[in-house]
Amino acid sequence: MLLGIPPLLAGTYSGIANVDRNVVDAARSMGMTELRVLLRVEVPNALPLIMSGLRTATLQIVATATVAAYASLGGLAATSSTASRCASSTSHWSAR
């Protein structure tokens, strides 16, 4: 789970930092507070990069869990192999 934090933070930071300053200045000139500028201007404009960070974080977590299972450290593959063994044993007892 900790492996997902850096991509999320990097995506959020780069998204907020790359918002067009003219748009932010226009929102401020309309009288928006800093919180409203953040929530109504910067976050919606940064959303594609934030979601990209979420996608990267998900990929890293799933890949690490799979590799950890192959290295006998538990994780996703151990869970799926246990589930497949249970599924094959219950199908043996099912009615034909």
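Quick notes on the rules
Residues numbered from 1 in each chain as written. Predicted model: local features only at pLDDT ≥ 70, side-chain atom pairs only at ≥ 80, totals over all residues. Heavy atoms only, no water. Helix = DSSP H or I, 4+ residues; strand = E, 2+ residues; numbered from the N terminus. Buried < 20%, exposed > 50% of the residue type's maximum accessible area, 1.4 Å probe, protein only. Areas by Shrake-Rupley, 256 points an atom, 1.4 Å probe, with all protein chains shown as cover. Bend = angle between axes of the 7 residues up to and from the residue. Contact = heavy atoms within 4.5 Å. Salt bridge = Lys/Arg side-chain N within 4 Å of Asp/Glu carboxyl O. Patch = residues over 30% accessible without salt bridge, like charges linked within 9 Å, V, L, I, M, F, W, Y side chains within 5 Å. Axes fitted to C-alpha atoms, helices over the stretch in contact; angles between N-to-C directions. Parallel < 35°, antiparallel > 145°, perpendicular 65-115°, else oblique. Left-handed = near helix turned anticlockwise from the far one by under 90°. Core = buried A, V, L, I, M, F, W, Y, C linked by side-chain atoms within 4.5 Å.

## Observations concerning the overall build of the protein chain
Stage number 1. On a plain count of helices and strands, the protein chain comes out with 4 helices and 0 strands.
Stage number 2. Across the 96 residues of the protein chain, 18% fall into the buried class.
Stage number 3. If you sum the accessible surface of the protein chain, you get close to 7100 Å²; carbon and sulfur atoms cover 68% of it.

## Section: helix α3 (residues 34-70)
Count 3.6 residues to each turn of an α-helix, and residues three or four apart come out pointing the same way.
Stage number 1. Of all the bends in α3, the greatest reaches close to 55 degrees and is centred on Leu47; the proline Pro48 follows between one and four positions later.
Stage number 2. Buried within α3 are the following residues: Val37, Val41, Glu42, Ala46, Ile50, Gly53, Ala57, Ala68 and Ala69.
Stage number 3. Directly beyond the C-terminal end of α3, a positive phi value near 60 degrees is found at Ser72.

## What about the environment of Pro44?
Stage number 1. Tracing the backbone through its elements, the reader meets Pro44 in helix α3.
Stage number 2. Of the residues examined, Pro44 reaches a relative accessible area of 42% and is grouped as partly exposed.
Stage number 3. For Pro44, the contacting residues outside a window of four places in its chain are Leu38 and Leu39.

## Structural notes on the side chain of Glu42
Stage number 1. Mapped onto the secondary structure, Glu42 falls in helix α3.
Stage number 2. Among residues more than four places away in sequence, those in contact with Glu42 are Ile16, Val19, Arg21, Val24 and Val37.

## Details of the pattern of salt bridges
Stage number 1. Considering all chains together, one arrives at 2 salt bridges under this definition.
Stage number 2. Across the pair Glu42 and Arg21 runs a salt bridge whose closest N-O atoms are separated by 3.8 Å. Note that Glu42 is positioned in helix α3 and Arg21 in helix α2 (residues 21-29), a separation of 21 residues in sequence.
Stage number 3. The partner of Arg28 in a salt bridge is Glu34, and the shortest N-O contact between them spans 3.0 Å.

## A short note on a nonpolar patch on the surface
Stage number 1. Taken together, the side chains of Leu8, Leu47, Met51 and Leu54 present a nonpolar region at the surface, about 320 Å² in accessible area.
Stage number 2. For the nonpolar patch, the element with the highest residue contribution is α3, accounting for 3 residues.
Stage number 3. Note on placement: Leu47 falls in helix α3.

## Considerations on the packing of helix α1 (residues 5-17) against α3
Stage number 1. The contact between α1 and α3 brings their axes to 7 Å, and the two run at 150 degrees. On the basis of their axis angle, the class for α1 and α3 is roughly antiparallel. α3 is crossed by α1, and the crossing has right-handed handedness. Residues Pro7, Leu8, Gly11, Thr12, Ser14, Gly15 and Ile16 of α1 lie in contact with α3, whose contacting residues are Leu38, Glu42, Val43, Ala46, Leu49, Ile50, Gly53, Leu54, Thr56, Ala57 and Gln60.

## Brief notes about the nonpolar core
Stage number 1. Grouped together as the largest cluster of nonpolar side chains are 7 residues: Val19, Val24, Ala27, Val37, Val41, Ala46 and Ile50.
Stage number 2. Considering every element that reaches this core, the biggest residue donor is α3, with 4 residues.
Stage number 3. Val37 has contacts with Val24, Ala27, Arg28, Met32 and Glu42, leaving out every residue within four places of it along the chain.

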